[in-house]
Amino acid sequence: MKNVLIAPSVLSADFSCLKSELDSIASANYIHYDVMDGHFVPNISFGPEIFSYCKKSSDLPIDVHLMVTNPSEIAPLFLQRGADIVTFHYEAEVHSHRLIHLIKDSGAKAGISLCPGTPVSVLENLIDDLDLVLIMTVNPGFGGQKFIENTIRKVKRLRKMIDDAGTHTLIEIDGGVQGETAPRLVKAGADVLVSGSYVFK
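Our subject in this report is the structure included herewith. What you see is a predicted model; the values in this text were computed from it and never measured.

Cut-offs used in this document
Residues numbered from 1 in each chain as written. Predicted model: local features only at pLDDT ≥ 70, side-chain atom pairs only at ≥ 80, totals over all residues. Heavy atoms only, no water. Buried < 20%, exposed > 50% of the residue type's maximum accessible area, 1.4 Å probe, protein only. Helix = DSSP H or I, 4+ residues; strand = E, 2+ residues; numbered from the N terminus. Arc of directions from axis to C-beta. Contact = heavy atoms within 4.5 Å. Pairing = 2+ DSSP bridges. Axes fitted to C-alpha atoms, helices over the stretch in contact; angles between N-to-C directions. Salt bridge = Lys/Arg side-chain N within 4 Å of Asp/Glu carboxyl O.

**What about helix H6 (residues 181-188)?**
Alright, step 1. Listed as buried for H6 are Thr181, Ala182, Leu185, Val186 and Ala188. Taken end-on, H6 shows its buried residues confined to a sector of 160°, consistent with a single buried face.
Alright, step 2. Turning to H6, the residues buried within the fold contact helix H5 (151-165), strand E7 (170-174) and strand E8 (192-195).
Alright, step 3. A positive phi of about 130° marks glycine 189, the residue just after H6.

**Comments concerning the sheet that holds strand E3 (residues 62-67)**
Alright, step 1. Strand order in the open sheet made by the 8 strands is E1-E8-E7-E6-E5-E4-E3-E2, with parallel pairing throughout. Two strands lie at the open edges of the sheet, namely strand E1 (5-8) and strand E2 (31-36), each paired on one side alone. The sheet shows a mean angle of 25° between the axes of neighbouring strands, direction not considered.
Alright, step 2. Each of strand E4 (85-89) and strand E5 (109-114) is contacted by helix H4 (residues 96-105), which is oriented at about 145° to E5, the strand it contacts most.

**Considerations on the pattern of salt bridges**
Alright, step 1. Using the criterion set out here, one finds 9 salt bridges in the structure.
Alright, step 2. Note that aspartate 84 and lysine 55 form a salt bridge whose closest N and O atoms lie 2.6 Å from each other. One end of the pair, aspartate 84, is in the loop between helix H3 (71-79) and E4; the other, lysine 55, is in helix H2 (residues 48-57), with 29 residues separating them in the sequence.
Alright, step 3. The partner of arginine 184 in a salt bridge is glutamate 180, and the shortest N-O contact between them spans 3.1 Å.

Nothing here speaks to function; it is geometry throughout.
Here's what the structure looks like:
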């Protein structure tokens, strides 16, 4: 049986009792922390100060998912505060290779996220450098959206790319992950499942 990692998204947590919400997911593998700027996605979430509170309040590693138009400017704010993984969107960064190595040189792991309409083929020249690829199975920006079915095939294509390259890059899935979709995603090749609404609600 494949060992699947679980990363609850604090986007769906009750922020009036954030410490107890973080305590309730202590058995997870890490925390998924969504940063939204109102430009790259049509929503605004939270920034470095709440991240620092999460870092102080939980022993779990934190994956910062940057849904912002300027990831190379925003990433250092979280790296300075101890982000364990920083994942940015391929669609938002012209110099992906440079940012990957800025993240790694800071001691964190580097990930790239792909929106539903972006093919995995864009990662062909980056896959060797990536610790993680985050496949969005909904359009980013809001929690609780419906799962986009054709992303199952996308996960399979990415799994083949990683296996062919011989890397240890993890495949993370974000969006619409629940009891029905999770087993199918794992079968397609997913290593990490992000879930907010399903875990906290």
